[in-house]
Amino acid sequence: MHGDPRKVVYPTDSYGQFCGHQGTSNANKAILFYFNILQCANPAVLINLQCPTTQLCVSKCPDRFATYIDMQYSYGWDKSHWEYYKQFCKPGFNNPDKPVAQVLRDEDCPSMIVPSRPFLQRCFPDFITRNGTLTVANKTSFKDGNGKTRSVADLRDAANGITSLLDAKEVGTKIFEDYASSWFWILIGLVISMLVSLLFILLLRFTAGVLFWLVIFGVIAAVGYGIWHCYWEYSSLKGKPDSDVTISDIGFQTDFRVYLQLRQTWLIFMISLAVTEGIIILMLIFLRNRVRIAIALLKEGSKAIGCIMSTLFYPIITFLLLALCIAYWAVTAVFLASSGDAVYKVMSTLPDCKYTNITCDPKTFGQSNVTKLCQGSQCTFAFYGGESWYHRYIFAFQLCNLFIFLWLVNFTIALGQCTLAGAFASYYWALRKPADIPPCPLASSFGRALRYHTGSIAFGALILSVVQFIRIILEYLDHKLKGAHNAFARFLLCCLKCCFWCLEHFIKFMNRNAYIMMAIYGKNFCVSARDAFFLLMRNVMRVAVLDKVTDFLLFLGKLLISGSIGVLAFFFFTRRIPVIQEEVPSLNYYWVPLLTVIFGSYMIAHGFFNVYAMCVDTLFLCFLSDLEKNDGSASRPYYMGSSLRSILNKKNHRRQEEKQRGGKRDRKGH
């Protein structure tokens, strides 16, 4: 209702007019020019439009050093100096003969102009560093128009940080050029990573066990070698001088190589590795059956995705919905941020004017006493704001907007989880796979989630959003208290941040499993969360083993995919593949497309593996429910795959009973 995005898009001059806005007198003047940039303290003041100097809209920035005094002196014999200078004066001012003191007092024209270039639609000095010396147009000093010679360093102090921003802009231009010339090859790299991720998931039905046991035995072998090496070092140091000195005797040393000369150090290493080795071996011995179940579920998950391939592309829908959420939040935030009214304040060149920075009304300012008491003072635009009830609570409205954003994002993610869970549950509860899987399982699950579970999904997302919102507030308070010396307050805040971090992750875990139970049984959120919690607690060891095995294999997959694609991209963009060496585009920074390919490959693998992890979690809860509710009889057969039944020594007796019934019928017939 009150917002105006033009306030964000276009700079505003001292008269409250937008620069570069079509249909106005400033349509061809898109850049904001500061009369005296030396009065601006820092870039934040400049960007917030609160620099205490006159600001005008201009079509281009100055490209030379000049002062009003020099221009007036040259005006008598060369009119072109005034024609150039007046474009930086107030609109309508065309009196170069006016005394300099009055011009500067009334701020009709700037006292000086310096070579500048536009940045963020504002004119900033054109800083260039030559041989370690900061210059503007190859000069290290300039006249300020008030009879003084100033150093370029004064401009740097006034526009502190702008040099680095301008340098960053140049780097950004080069990066954009690299993207423009290499986008096709980046796209090819991302397509390859997508195909490799898909292939990796489909092959897990054959390679999950091999990969896991290879890595486990590799870790056991590596730790065993570490134990042997520590024993060898411990034995070789025997009899050497000072090798029997204890660590406590020498105390803390900055050179850690000193500790490697002590037998006690290697003894500690050897004992630690031996304990680690023993724990790994004991866990494998006692948890071997659960590890086999976890691997079998991973293989079953690969089969499920092979039967419902459309699930791999559901993250695209989630991405589009999240883009809508972000767009809604950003647009609302911009309208809220730009909903203030134009605030005008008195600006005077006189240092002793008591009305400076007092709020004023430009319509009535000419009739006030301020112009008489402070000659040359003006009522100029300062910023957008207001003193009404609405404007005082803009920050609260922004917080509400942030909370709605968190809620929408969590709802979108939860909708995806519930949809995928329903699709994979339809796979598990099909007795004959894939013949009994219903048609279009993903679309059907999406429709069920929207029709029957919208309220439950929104409620779960609300709980998570409240915790995340509290965490954001705690981070904000921590940022504000960084300079505080109250140690107890900092400690309390740190404890609260830690507790809410743990709470957020626990709620995410519970919500995920609650959505799975909702998709299976169609119950509401609270009942589903309770059932999921107690079901997991009754099988806590299986949960822990499956979670770690799944996380480990998926992390290994992400590492392998992004690493292999990254190595291939490195050899390509550095022209180390002779066959296609001529096809490599010319680049300013080869690491730009390289990092893009690596990061993009990791995110693509992450998206695919998130679907796979949801599949495994769904099948796991279905498996636990299957074990508790069914007994393998004809009326209650097990729905799990044959590999899982063989691990657990479970059988379905339907065929045997059918044979017995068939035999009885045969005997009756005889």
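Reading the values: the criteria
- Positions within a chain are numbered from 1, following the residues in the order the chain's sequence is written.
- With pLDDT at 70 or above as the cut-off, local features in this predicted model cover only qualifying residues; side-chain atom pairs require 80 or more to be listed or tallied, and sums for whole chains, interfaces and linings still use all residues.
- With hydrogens and water stripped out, all remaining heavy atoms of the structure feed into the side-chain values.
- UniProt positions are given in the numbering used here, feature names are shortened, and annotations may be inferred rather than shown by experiment.
- Domain limits in this description derive from either an automatic procedure or a database domain assignment.
- Contact criterion: two residues are considered in contact whenever any of their non-hydrogen atoms come within 4.5 Å of each other.
- Accessible area that two parts lose when put together, evaluated with a 1.4 Å probe and summed over both, is termed the buried area.
- What counts as a salt bridge is simple: a side-chain nitrogen of Lys or Arg found within 4 Å of a carboxyl oxygen of Asp or Glu.
- Any pair of N or O atoms that falls within 3.5 Å is considered a polar contact. Within protein, one atom must be able to donate a hydrogen and the other to accept it, and sequence-neighbouring residues count only if both atoms are side-chain atoms.
- Secondary structure follows DSSP: runs of H or I at least 4 residues long count as helices, runs of E at least 2 residues long count as strands, and numbering of each begins at the N terminus.
- Multiply 1.5 Å by the residue count of a helix minus one, and that product is the helix's expected span.
- When DSSP locates at least two bridges between a pair of strands, those strands are taken to pair.
- Centres within 6.5 Å make a pair out of two Phe, Tyr or Trp rings, where for Trp the six-membered ring is used; the pair is then stacked when the planes are under 30 degrees apart, edge-to-face when over 60, and tilted otherwise.
- Relative accessibility under 20% of the residue-type maximum defines a buried residue, over 50% an exposed one, and the middle range a partly exposed one, all with a 1.4 Å probe and only protein chains included.
- Only when the NZ of Lys or the CZ of Arg is both within 6 Å of the ring centre and within 35 degrees of the ring normal is a charge said to sit over the ring.

Looking up the protein in an unreviewed UniProt entry gives the name Choline transporter-like protein, with the organism given as Triplophysa tibetana. Comment text from UniProt for the protein, heading Sequence similarities (unreviewed entry), reads "Belongs to the CTL (choline transporter-like) family."

## Thoughts on the domain arrangement of the protein
Domains assigned within the protein are domain 1 (5–147), domain 2 (196–307 + 539–629) and domain 3 (395–531). Distance between the C-alpha centres of domain 2 and domain 3: 28 Å. With 20 residues of domain 2 at the contact, the number on the domain 3 side is 18 residues. For the pair domain 2 and domain 3, the summed buried surface comes to about 1600 Å²; carbon and sulfur atoms form 76% of the total. When the buried surface of domain 2 facing domain 3 is broken down by residue, Met614, Leu621 and Cys622 rank first, second and third, together holding 35% of it. Scanning the region where domain 2 abuts domain 3 turns up one salt bridge. Asp617 serves as the salt-bridge partner of Arg512, at 2.8 Å between the closest nitrogen and oxygen. Taken together, the links from domain 2 to domain 3 amount to four residue pairs in polar contact (both at pLDDT 80 or more). Those elements that place two or more of their residues in the side of domain 2 that touches domain 3 are helix 10 (288–307) and helix 20 (591–629). Per element, the largest residue contribution to the side of domain 2 that touches domain 3 is 14 residues, and it comes from helix 20.

## Here we look at helix 17 (residues 487–521)
With 35 residues, helix 17 should cover 51 Å at 1.5 Å per step; its first-to-last C-alpha distance of 51 Å lies within 8% of that length. Positive phi shows up at Gly522, right after helix 17, with a value of about 75 degrees.

## A few points about the pairing of strand 5 (residues 116–119)
Walk down a regular strand and you will see the side chains alternate between the two sheet faces. Inspection of the sheet shows strand 5 paired to strand 6 (residues 122–125) by four bridges, in the antiparallel sense. Residue pairing for strand 6: Arg117 is matched across the bridge by Phe124. Connecting strand 5 to the antiparallel partner strand 6 that follows it, the hairpin turn spans two residues, and Leu120 within it adopts a positive phi of roughly 55 degrees.

## Topic: the packing of aromatic side chains
All told, the structure shown has 28 aromatic pairs when counted by the stated rule. Considering the side-chain rings of Phe200 and Phe609, the 5.6 Å spacing of their centres and the 45 degrees angle between planes classify their relative orientation as tilted. Separated by 409 residues along the polypeptide, Phe200 in helix 7 (residues 162–236) and Phe609 in helix 20 bring together distant segments of the chain. Here the two residues Phe200 and Phe609 agree in accessibility, since each one is buried. Centre to centre, the rings of Phe313 and Phe608 are 6.5 Å apart; their planes meet at 75 degrees, and the pair counts as edge-to-face. Pair noted here: Phe313 is in the loop between helix 10 and helix 11 (314–337) and Phe608 is in helix 20, with a separation of 295 residues, a long-range link. In this structure Phe313 comes out as partly exposed when scored by relative accessible area, which is 40%. For Phe608, a relative accessible area of 7% puts it in the buried group. Members of the aromatic cluster, connected to one another through ring pairs, are Trp183, Phe184, Trp185, Phe572 and Phe573. When the ring centre of Tyr84 is taken as origin, the NZ or CZ atom of Arg64, which lies over that ring, is 3.7 Å away.

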